[in-house]
Amino acid sequence: MDPQPTSLQRLHNVEKRIVRVLELAGSVMDELASSTGPRADVLAAHCREFMQSIKEIQSTLREEIKSACEYRPFEKCDYSARISNEICCKKLEYIIEQLDGIKESIDQHKD
């Protein structure tokens, strides 16, 4: 499998991170509503993870939007390379035919 994740895979990961961010927000709300009172260390940990996830989501989405704006549909297509290769092969076949013709002509003139 390709080591570079595709755009779709990156967006799927963003979706997973958004779900995680919502879970974190719910956990913070539960912690704030706790009958024993909120634990500062738990709130701080959730908030740190929340903010880090939001930054990662923003960064990935920014990159994906930029990539989509620069999208070139045939950029990674090998069509032009294959056609160029086929043309080169046809040229070589033609040259070989011509050389064979010259060789035959030389052989005829030797006799």
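Residues numbered from 1 in each chain as written. Predicted model: local features only at pLDDT ≥ 70, side-chain atom pairs only at ≥ 80, totals over all residues. Heavy atoms only, no water.

Q: What exactly am I supposed to notice about the confidence of the model for the protein chain here?
A: For the protein chain, per-residue confidence averages 86 on the pLDDT scale, and residues scoring 70 or more make up 92% of the total. Mean pLDDT across the secondary structure elements of the protein chain bottoms out at helix α3 (residues 79-110), with 86, and peaks at helix α1 (residues 7-32), with 92. (pLDDT = per-residue confidence, 0-100. Helix = DSSP H or I, 4+ residues; strand = E, 2+ residues; numbered from the N terminus.)

Q: Explain the pattern of salt bridges here, please?
A: Close approach of charged atoms allows side chains with opposite charge to pair. This model, assessed by the stated rule, comprises 6 salt bridges. A salt bridge links Glu23 to Arg20, with the nearest nitrogen and oxygen atoms 3.6 Å apart. Here Arg20 and Glu23 lie together in helix α1, a separation of 3 residues that amounts to about one turn. Here Glu23 falls in the partly exposed class, since its relative accessible area comes to 44%. According to the relative accessible area criterion, Arg20 is partly exposed, its value standing at 31%. Here Glu93 makes a salt bridge to Lys90, at a shortest N to O gap of 3.9 Å. Residue Glu93 and its partner Lys90 are both found in helix α3; the two are separated by 3 residues, about one turn of the helix. You can call Glu93 partly exposed: its relative accessible area is 44%. Each member of the salt-bridge network shares a partner with another, and the members are Arg20, Glu23 and Glu49. (Salt bridge = Lys/Arg side-chain N within 4 Å of Asp/Glu carboxyl O. Buried < 20%, exposed > 50% of the residue type's maximum accessible area, 1.4 Å probe, protein only.)

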